[in-house]
Structure formats: structure tokens, C-alpha cells
Amino acid sequence: MSKLIKLEMKKAICSKFFLMGLALLLLFALLSAWYIIECNGNYNPEKITNSLIMENGSFYMNPDISLYGFYKGWVGADVLSIAGNVFFKIIPIAAAIPYGWTFCREYKSGYLKNIASRVDKKKYIIAKSLAVFTSGALVVLIPLIVNIMLVSSFLPLADSIVDNVIYNYISFGYLWADLFFTHPFTYVILYVMLDVLYGGIFALLSFAISFYVRNVFAALFFPFIATLIMGFIEKNIWTNIPGEIYKVINPVSFLPSNQNNVIVWWMVLLVTSVLCAFILATIIFKGCRDEIF
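Source: prediction; values computed, not measured. Numbering of residues starts from 1 in each chain and follows the order in which that chain's sequence is written. Given that this is a predicted model, residues contribute local features only at a pLDDT of at least 70 and side-chain atom pairs are listed and counted only at 80 or more, while totals for whole chains, interfaces and linings are drawn from all residues. Side-chain numbers come from the whole structure's heavy atoms, not from hydrogens or water.

Visitor: Is there a simple way to explain the environment of Leu190 in this structure?
Guide: Tracing the chain through its elements places Leu190 in helix 10 (residues 184–209). Taking the C-alpha atoms as reference points, Leu190 and Leu179, separated by eleven residues in sequence, lie 9.7 Å from one another. Note on definitions: a residue-residue contact is assigned when non-hydrogen atoms from the two residues lie within 4.5 Å. When neighbours within four sequence positions are excluded, Leu190 is seen to be in contact with Trp176 and Leu179. Labels follow the DSSP assignment, with helices taken as runs of H or I lasting at least four residues and strands as runs of E lasting at least two, numbered in each case from the N terminus.

Laid out in C-alpha cells, this is it:
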């Protein structure tokens, strides 16, 4: 089993398709960092006008500095550049590129019949699922780390204050909003973890739909099309239902940390659970039990 997992991991990560998915997200992560640094880089504690304010005979740091700092500038909080928006929109495609669609290719090429004669089918499906999830998660994680390292190297790590809530686009009651004002770096880490998790989920969605369709392009673009459909339902149907304002159901809307959408933890948990249930049920009943070989 361990050898099979290593084989599938190697096929998933040591390939040109992994580099393609990584390069796609890395491009927009770098463009977002470049734009934010260019726009906000001059507004640092040494150069900002009136960076120190006197009150009761003592100086304290100008609270407006946080509006030009790292926590307003990393790609998850980037509301200024097109690149920051595109980064999250294309995660469903980029995460599926490395390995999510390859089951279709292996089915058509006859590779599955060859591997079925050597290893247990269930072990193969489990190993492939782990490799698919890992490849999708890494494709999202690496660009995020690069963006965070670049932006934090040029912008100050200035904590945000509640008085600037209108400029932060984050209000109390939003997902992890309390942490944004008390432990902002923890807030960033949690969003990175959520983004990485969905990188793996989107890759597994591509893998799961491969048990229903045998078209490579259908499997590759399924996660992206699914999020477009959910976004359409969210804007044209779901928001018209009377009641609470917790209307965000598109998982792509969960991923940026700094936006006007009201994101609440239970809706994130609900949507994530539904997607994971679909993936798990497909892998168990269509992958491990059906005679797909």
C-alpha cells in the first residue's frame, strides 16, 4: 500500500501538469503582490505622513498605517487588483490540472486494466484519492506562501483596529472576524488552511466526476463549472429567499478573507460537508464497489 501511495504521489507531483497548475496560480499571486507593494509600499511607518500622533503628551502609532499593511495586502485581502480576484476564481481549475482528471485518461488508455491485475482495486482508489488531494492542496499552498512572504517583506505587520472596520470590509459576526482584530496572523493562517483544503476538495471533485463521465475536459472543468452554477444560484435565486442575510453558498466566495460577503462558519461547514459527502460517496460506491475495470 505504501509503495502504491508513493507511486501515485510521484505521478501527481513530479509531472508537467502539476507545474502547469502551480504556474497558473503563482502568476496571479505574484501579480497581486507586485500591485499591492507598488500601491502601498510607500505608506510605511517611516514615510507615511504623521506616522506618529501625540496624545496626552506621548506619541503613538498612526492607526491608519494598518490600512496599508500586510493584513490588508496579502492576496486573500487584496480588493484592489484584478489578479487577487482572479487568483481565487481559477482555483477550481488550477487544483484539478495536476491529477484530478487523469483517471479518465487511465481508463481510456487501458492502464486501469493493467493495474487491476497487480493491486487491489480499493487500495488503488485510496492511493489515487490521496495523491489527487495532495496535488490540489499543494498547488494552492505554494503560491499563497510565496505571496505572503513577498508582501510581508515590504509592508508593515500593523494590527487593524475596530475603528477602521469599514475599510477592512470585515464586521463582527463574519467568519473569524474576532481573530482579525485580536490575532490577525492566526486569522491569515486559518484562511490559508481553508484555501488549501478547498484546493484538495476541488481536485477530488474532478476525480469523483470521472466515475460518471469519461471525458477529460468535462472532468477537468467540472469544479469550475460547478462553482459558476452555485454562484448563479446564489445571486439569482438564493438571495431572493426571505429571511437571514447568510446567502453565500458558493465555495469560491469563502476563500478570500477580505470582502463584502457575509461569510459565517456554519454555512462554510454545511457546504464543505455536502461536497465532501458527494466525493466520499462517489469514491466508495462508484470507485471501490463498481466494476469499473
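Visitor: Which parts of the structure should I look at to understand the packing of aromatic side chains?
Guide: Each aromatic ring pair is summarised here by two numbers: the centre-to-centre distance and the angle between the ring planes. Two rings belonging to Phe, Tyr or Trp (six-membered ring only in the last case) form a pair when the distance between their centres is within 6.5 Å. Interplanar angles under 30 degrees mark stacking, angles over 60 mark edge-to-face geometry, and anything in between is tilted. Summed over all chains, the structure comprises 13 aromatic pairs. Judged by centre distance (5.5 Å) and plane angle (50 degrees), the rings of Tyr198 and Phe202 are tilted. One end of the pair, Tyr198, and the other, Phe202, are both in helix 10, four residues apart, so they sit about a helical turn from each other. Comparing Tyr198 with Phe202, the two get one shared label, buried. For the pair Phe207 and Phe211, a centre-to-centre distance of 5.2 Å together with 70 degrees between the ring planes defines the contact as edge-to-face. Relative accessible area decides the class of each residue, using a 1.4 Å probe on protein chains only: under 20% of the type maximum gives buried, over 50% gives exposed, and in between gives partly exposed. With relative accessibility at 5%, the residue Phe211 sits in the buried group. Cluster of aromatic residues (ring-pair linked, three or more members): Trp176, Phe180, Phe181, Tyr187 and Tyr191.

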